[in-house]
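Chain by chain, the residues:
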Amino acid sequence: MSRSRKVAFLAVAMTLVAAASAAALGGERYGLGQQASPALIAGWDIDARPDGQGLPPGQGTAADGEAVFVERCATCHGEFGEAVGRYPVLIGGSDSLASSNPVKTVGSYWPYASTLWDYIHRAMPFGDAQSLSVDETYAVTAYVLYLNDLVAEDFVLNRESLPKVDMPNRNGFIAEDPRPDTPVGTPCMADCKGETKIMFKSKPLDVTPEGESN
Amino acid sequence: MGPGVGRRAFISGGAALTAGLAAGAAGGRIVRAESAAGQPPNVPDWSRYLGAGVDAVPYGAPSAHESEVVRRTVEWLTATPESSVNFTPLQDLHGFVTPNGLCFERHHGGVAEVDPADHRLVIHGLVDKPLVFTMDDLKRFPPVSRFYFLECAANGGMEWRGAQLNSCQYTHGMVHCVQWTGVPLKTLLDEAGLKPKAKWLLAEGADAAGMTRSVPLHKALDDCLVAYSQNGERLRPEQGYPLRLLVPGWEGNMWIKWLRRIEVGDMPWHTREETSKYTDVMANGKARQFTWVMDAKSVITDPCPENPMRHKGYHPITGLAWSGRGAIKQVDVSLDGGKNWHTARLDTPVLSKCLTRFYLDWNWTGEEVLLESRAMDETGYVQPSIVELRRVRGRNSIYHNNSIQTWLVGANGEVENVQIS
């Protein structure tokens, strides 16, 4: 590019930048992307919050959900949420959280019923996500809550009743991060501790996979 | 594998090593059979005959002799490979950049195979103008490139109750570090225009897990990126192709892959991954919920169980350190289980929220050693011992185990994962 053409090019470029800056005053910086229509958003906006935002109209009971659960969920979770193999257990674990073996289930751990609805709706059944209807989702959610003795078999779960379901571990969480929770500052460099003992050795456990290629 | 021998064959063969060290080290890497024909004064075949021409491998691959340098999984950890994890072979890497094919994987619904022509990113909720972007739209925004580490909050999670996995790869391999290229999330949010009540956003993936995490707006506006490239090429499918959220320094689960939607709101969503998972149960049964930052951590990658000591004499101890709070300021190495410490040399560049390579010159005389590294970051945070961590958090936390790793180097050169008082 000759020098004069370069100058001309630069002038045009600067004009464009000026135009973009002016547009920024109107709230659009680059003018990229299209306005998303309500219909477009609705197809993907599948989340539900604890306050009920996002829960759609519809309903179901545990009685309705049992058959769906047995057909769609029980192969992994067991008919009563007791789990098959290493798949997640959905029931039990009450009073276990402070023990040496916390069992974190919907009943013992989950703070909000909306999370259960949201997760089933978006990710279950495993391998066939988003295939349950809204009513089926309410019904299966109700069934899992029922298995945990949190609602009655005929309790009608819907957008009004779901946020009010009392979850036992609702107050079991600390929202604020208290870290750093170990000593900070200038680290010790010499003579920092007394006698050192080996407390655990990994080799005797023999649970490390052999190192061959996958 | 090339003309070498497998590790099992090597172990049973009991090949002779210098001073007889580390001959049968569990987890030790291959020592290849040597062939005099390839060594001086002989002229090896590769010096006589023509090699492959250009385009023999249009997309290059590592040497066949490096076939053991791969990600590996621990099958007993999870119910299915689609909702599982594998581990970066840190013990085989140099510098601080992780090759794309070795970045550990963590999926909750398998690797989504997304056609970029059909992929969309929707931004809606508390915004002035909800927007939908194509991949072409996103690549037209001014790009930035940044090096960041990515660590799973559960890295080291199997070691809370005691030393368990005898391997650097399995104890520390849920971390990687690449150069990402993309668009600042702030740029996209500004494009849509945030409403005054906006405080949080929900990021959602297009995979079969519909992965979702709530991200506080202050972080989103600070240094989050929406990335389409890693180490100069488009994202690998298993890293979220074609689009991924980056939440620098914070737990990997928040770095939503196959990013399809961002909803702006005024409170967190309390999704499954931020309530039932990725929350840290303390000894009293209460759980810390929003523990996002990955605290300073380090590990010695050589020696380690996979890299036993094969020679007495000079050996450069090396490892990696990182902090989600900023840049690594100092790394110290102990040879006596944390009683005395020696400051290591940091290789440059030392970047914020990025892996940092360190070295310590060492002359091993064959004695038993309790080898440790301890990282400190620019905020003054010092990597704690597992004893200190257990004292405040108990043993049930699963997540955020950033404790000092102890390797027991035996007199025979073998290296074992141990935990000490």
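Residues numbered from 1 in each chain as written. Chains lettered and ligands numbered in written order. Predicted model: local features only at pLDDT ≥ 70, side-chain atom pairs only at ≥ 80, totals over all residues. Heavy atoms only, no water.

### Examining helix α7 (residues 386-393) of chain B
Then, number 1: Within α7 of chain B, the full set of buried residues consists of Ile386, Leu389, Arg390 and Arg393 of chain B. Buried residues of α7 of chain B fall within an arc of 95° about the axis and therefore sit on the same side. (Buried < 20%, exposed > 50% of the residue type's maximum accessible area, 1.4 Å probe, protein only. Helix = DSSP H or I, 4+ residues; strand = E, 2+ residues; numbered from the N terminus. Arc of directions from axis to C-beta.)

### Description of the state of the cysteines
Then, number 1: Inspection of the entire model under this criterion finds one disulfide over all chains.
Then, number 2: Residue pairing for Cys188 of chain A: its cysteine sulfur links by disulfide to Cys192 of chain A, the two sulfurs lying 2.2 Å apart. Residues Cys188 of chain A and Cys192 of chain A are joined through a disulfide that is left-handed, its torsion about the S-S bond being -100°.
Then, number 3: Using a relative accessible area of 35% as the deciding quantity, one classes Cys188 of chain A as partly exposed.
Then, number 4: In this structure Cys103 of chain B is not part of a disulfide, and its nearest cysteine sulfur, from Cys177 of chain B, lies 8.9 Å away.
Then, number 5: Since its relative accessible area comes to 0%, Cys103 of chain B is described here as buried.
Then, number 6: Lacking any disulfide linkage, Cys304 of chain B is separated from the closest cysteine sulfur, that of Cys168 of chain B, by 4.5 Å. (Disulfide = S-S within 2.5 Å.)

### Notes on the packing of aromatic side chains
Then, number 1: In this structure the tally under the stated criterion is 16 aromatic pairs over all chains.
Then, number 2: Ring geometry for Tyr30 of chain A against Phe141 of chain B: centres 5.5 Å apart, planes inclined by 80°, an arrangement best described as edge-to-face. Here Phe141 of chain B lies in the loop between α3 (135-140) and β6 (144-151) and Tyr30 of chain A lies in the loop between α1 (3-25) and β1 (34-35), a pairing that spans two chains.
Then, number 3: Judged by its relative accessible area of 1%, Phe141 of chain B falls in the buried class.
Then, number 4: Ring plane angle 55° and centroid distance 5.0 Å describe the contact between Tyr109 of chain A and Phe173 of chain A, whose orientation is recorded as tilted. Separated by 64 residues along the polypeptide, Tyr109 of chain A in the loop between α4 (74-77) and α5 (113-123) and Phe173 of chain A in strand β4 (residues 173-174) bring together distant segments of the chain.
Then, number 5: Classification of Tyr109 of chain A by relative accessible area gives buried; the value is 0%.
Then, number 6: Phe173 of chain A gets classed as buried once you look at its relative accessible area, which sits at 14%.
Then, number 7: Connected via pairs of aromatic rings, a cluster forms that spans Trp200, Trp250, Phe290 and Trp292 of chain B.
Then, number 8: Arg49 of chain A extends its terminal NZ or CZ atom over the ring of Trp269 of chain B, reaching a point 5.8 Å from the ring centre. (Phe/Tyr/Trp six-rings, centres within 6.5 Å; stacked < 30°, edge-to-face > 60°. Lys NZ or Arg CZ within 6 Å of the ring centre and 35° of its normal.)

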